[in-house]
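Inside the fold
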Amino acid sequence: MSNEKQITVSRIIDHSAKEIFNSLSLPARHPRFDGSGMVRSSDNTERIQQVGDVFVMNMVGRSGDEYQTHNHVTAFDEGKMIGWQPALAEDPDRVGGWEWLYTLKPLDAGSTEVTLSYSWESVTDKQLASQLPAVSEDELAQSLNLIASTIN
């Protein structure tokens, strides 16, 4: 589902919410489930613990240019929700206004409905806004498929 400034996808994954959350809260695992192919690696090995944490990701753009994002954790509810807003390395404390949010809804002990939302509603830079969305609904759905296949 998408609207003018947000794309949301959902999928049932045959793993517990705890297992899925453990993968989402470990930045080093993010390249494994990036459906866009832009996330290369993490400079952080620590698990995300709370709102306010920042983790650095090494990225590659569609044109092959490499860059870093400083991801500011904006949502954290153990086993239920995790989200962040990226800032570019040139100004690592200034988030750009787009956000990634994963919401987990346990269905039973071994399956969870996972919803991934990518929103750019808070982007105020007109030049940046004209370049968004940076990922497609299909790429978000692929991220959920990869989460399902990479959890161990």
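Model, not experiment: these values are computed from the prediction. (Residues numbered from 1 in each chain as written. Predicted model: local features only at pLDDT ≥ 70, side-chain atom pairs only at ≥ 80, totals over all residues. Heavy atoms only, no water.)

**Examining the pairing of strand β5 (residues 66-77)**
Quick reminder of the rule: Only strands joined by at least two bridges in the DSSP assignment are considered to pair. Secondary structure elements are taken from DSSP: a helix is a run of H or I of four residues or more, a strand is a run of E of two residues or more, and numbering for both begins at the N terminus.
Relative to β5, strand β4 (residues 54-60) is paired through seven bridges, and the arrangement is antiparallel. Residue pairing in the sheet places M57 in a bridge with T69 of β5. Between β4 and β5, which pair antiparallel and follow one another directly, the connecting turn spans five residues, one of which, G64, has a positive phi of 95°. Sheet topology places β5 next to strand β6 (residues 81-88); eight bridges connect them, and they run antiparallel.

**Observations concerning the pattern of salt bridges**
Which entries qualify depends on this criterion: The rule for a salt bridge is simple: a side-chain nitrogen of Lys or Arg has to be within 4 Å of a carboxyl oxygen of Asp or Glu. When a residue's accessible area, from a 1.4 Å probe over protein chains only, is under 20% of the maximum for its type it is buried; when over 50% it is exposed; and in between it is partly exposed.
Scanning all chains against the criterion turns up one salt bridge. In this structure, E139 engages R62 in a salt bridge whose closest nitrogen and oxygen atoms are separated by 2.9 Å. Separated by 77 residues along the polypeptide, E139 in helix α3 (residues 137-150) and R62 in the loop between β4 and β5 bring together distant segments of the chain. For R62, a relative accessible area of 51% corresponds to the exposed category.

**A word on the layout of surface pockets**
So the rule is basically this: Think of a 1 Å grid over just the protein atoms. A cavity is a set of points where a 1.4 Å probe fits yet cannot get out, a pocket is an open set with protein on both sides within 12 Å along at least five of seven lines, and lining residues have an atom within 4 Å of a point. Grid points are joined across faces, edges and corners, and a volume is the space filled by probe spheres set on the points.
Of the voids in this model, the largest pocket is the one considered here, and its volume is about 1,000 Å³. Considering the residues around the largest pocket, the lining is formed by 45 residues, among which Y67, T69, L88, W98 and A134 are closest to the centre. Among the elements of the structure, β4, β5, β6, β7 (99-108), β8 (111-119), α2 (126-129) and α3 are those that each provide at least two residues to the lining of the largest pocket.

These results come straight from atomic positions and should not be treated as a statement about function.
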